[in-house]
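Summary of structural features
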Amino acid sequence: MLSANGWFASTGFEFAYFSGLARLAQARGGGRGVILRFERVRPTRKDKFQPLRSREVTPQFLDRLLRKLRRWNCDVISLDDVLQRMALPSGPGPFVCLTFDGGSRDLMTYGHPVLARHKAPFAVFTPTAFPDGLGEAWWMALEQVIAGHDRIALVIDHAERHFDTAATDDKYRVFRFLGTWLRALPPADLSAAIHDLCKRYSVDVGRLTREAVMSWEDLSRLAADPRVTIGSATVNYPRLANIGDAAAQREIAMGRAVLHAALGQEANHFAYPYGERGSFTRRDEQLVAQAGYASAMTSIPGVIGPGASALLLPRIAWDGRRRSLRGLRVVLSGLMPGAAAQLGRRY
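What comes next is a walk through the structure. (Residues numbered from 1 in each chain as written. Predicted model: local features only at pLDDT ≥ 70, side-chain atom pairs only at ≥ 80, totals over all residues. Heavy atoms only, no water.)

Within the protein, the regular secondary structure consists of 14 helices and twelve strands. With 347 residues in all, the protein has 54% of them scored as buried. At a minimum sequence separation of 6, the contacts of the protein that also span at least 24 residues come to 70%. Counting every atom, the protein has about 15900 Å² of accessible surface; 52% of that belongs to carbon and sulfur. (Helix = DSSP H or I, 4+ residues; strand = E, 2+ residues; numbered from the N terminus. Buried < 20%, exposed > 50% of the residue type's maximum accessible area, 1.4 Å probe, protein only. Contact = heavy atoms within 4.5 Å. Areas by Shrake-Rupley, 256 points an atom, 1.4 Å probe, with all protein chains shown as cover.)

Attention shifts here to the packing of helix H6 (residues 138-147) against helix H9 (residues 205-212). Following both chains from N to C, one finds H6 and H9 inclined at 115°, their axes separated by 9 Å at the closest point. Compared by their axis directions, H6 and H9 come out roughly perpendicular. Here the hand of the crossing between H6 and H9 comes out right-handed. Within the contact between the two elements, H6 uses Trp138, Met140, Ala141 and Gln144 and H9 uses Val205, Leu208 and Ala212. Taken together, the residues that form the contact of H6 with H9 break down as six nonpolar, one polar and no charged. (Axes fitted to C-alpha atoms, helices over the stretch in contact; angles between N-to-C directions. Parallel < 35°, antiparallel > 145°, perpendicular 65-115°, else oblique. Left-handed = near helix turned anticlockwise from the far one by under 90°. Nonpolar A, V, L, I, M, F, W, Y, C, P; charged D, E, K, R; others polar.)

The tally for this structure, following the rule as stated, stands at 24 salt bridges. Of the charged contacts in the structure, one is a salt bridge between Glu39 and Arg55, with a shortest N-O distance of 3.6 Å. In this pair, Glu39 is assigned in the loop between strand E1 (33-38) and strand E2 (40-41) and Arg55 in the loop between E2 and strand E3 (56-57), connecting sequence segments 16 residues apart. The same class applies to Glu39 as to Arg55, namely buried. One salt bridge in this structure joins Asp101 and Arg315, with 2.9 Å as the shortest N-O distance. Here Arg315 lies in the loop between strand E11 (295-297) and strand E12 (316-317) and Asp101 lies in strand E5 (residues 95-101), a separation of 214 residues in the sequence. One connected set of salt bridges, linked through shared partners, spans Arg37, Glu39, Arg55, Asp101 and Arg315. (Salt bridge = Lys/Arg side-chain N within 4 Å of Asp/Glu carboxyl O.)

Right, let's talk about the side chain of Ser104 for a bit. With respect to the element layout, Ser104 can be found in the loop between E5 and helix H5 (105-117). On the basis of relative accessible area, Ser104 is assigned to the buried category, the value being 6%. When sequence neighbours within four positions are dropped, the list of residues in contact with Ser104 reads Glu39, Arg40, Ala212, Val213 and Met214.

Before going further, it helps to examine the packing of helix H10 (residues 216-223) against helix H11 (residues 245-263). At a closest axis distance of 10 Å, the pairing of H10 and H11 adopts a crossing angle of 80°. In terms of axis orientation, H10 runs roughly perpendicular to H11. Contact residues: H10 offers Trp216, Leu219, Ser220 and Ala223, while H11 offers Val258, Leu259, Ala262 and Leu263. Among the residues making up the contact of H10 with H11, the classes are represented as seven nonpolar, one polar and no charged.

Let us now look at H6. With respect to burial, H6 is a largely interior element, eight of its ten residues being buried. Those residues of H6 that sit buried are Trp138, Trp139, Met140, Ala141, Leu142, Glu143, Val145 and Ile146. The inward-facing, buried residues of H6 abut E2, strand E7 (151-156), helix H7 (168-183), helix H8 (187-200) and H9.

With that out of the way, let us pick up H11. Residues three or four positions apart in an α-helix share a direction because the helix packs 3.6 residues into each turn. The end-to-end C-alpha distance of H11, which contains 19 residues, comes to 27 Å, matching closely the 27 Å that a straight helix rising 1.5 Å per residue would cover. If you look at H11, its biggest bend is around 25°, right at Met254. All buried positions along H11 are accounted for by Ala248, Glu251, Ile252, Gly255, Arg256, Leu259 and Leu263. Contacts made by the buried residues of H11 are with strand E6 (122-126), H10, strand E9 (228-232), strand E10 (269-271) and helix H12 (282-290). (Expected span 1.5 Å × (residues − 1). Bend = angle between axes of the 7 residues up to and from the residue.)

None of this, on its own, says anything about what the molecule does.
And the structure:
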């Protein structure tokens, strides 16, 4: 069910779209720019338990999105072009920039062919430990453990806790609870907890991650496409607010250095791991600047407006299975400046 704010926002989107107000506002120069954030591109699955589904779009949705943007006379531009437009007193019209976090292998399989067919630029942010075969996508392991069992146990605060996960609703509830708890842990504690869970239920988190993410060979092929920007999301994808100054500096700087060494090109753009409010601090913004990045992406929803900081760029996460593209048309029109916040989705 929608909250009251969500209901009013949804109703406002529909009215603005079907009344023609959004098109009129755009025609009068009210257009604005947004950066969209996705993770995976893959066909629809029928599993009842899909806690990470909001991070995915289908190839068909991606194709429909790009066709709609062309019909709306909305430019699909690169991150470098976003920075150039931000420096102008007024832009030539609305724009969208497409970004994909995590370096998922299915982006190469299902997403890149669609994007290449439309000649659409896009950016990929990858933690460098993942193509090295050393990263741990703990959220995928947690999903697999819960999906495969009717009851699970885990040590939390030195006590073993038991969770019923037989019903689909219970699975979602436990995934949300454990996901929130794990994300708040320091990296070493998170790794120990997920290894304990995976050992109990015979899930190989390393293998799961390697199968899900792109290799350096895949990334090299993407990097050869002039429309593709490869950016850094640190080395190990830690929640930066959970680690000390030296560790944060190392994660931020080394991510860029490793990408340069592996791909032979500069990684000028950065994405804060997770990226929501509280996952990074002012210190991390300063470290990103010191490392020489030209921009940094958050996961805080919003539009690219006057005075936006290049090191705190907002992005809108779009769930292609649940959200109509009409809402995006309204956001791009500039008619409802606060609408983007209603479209945000905390992962």
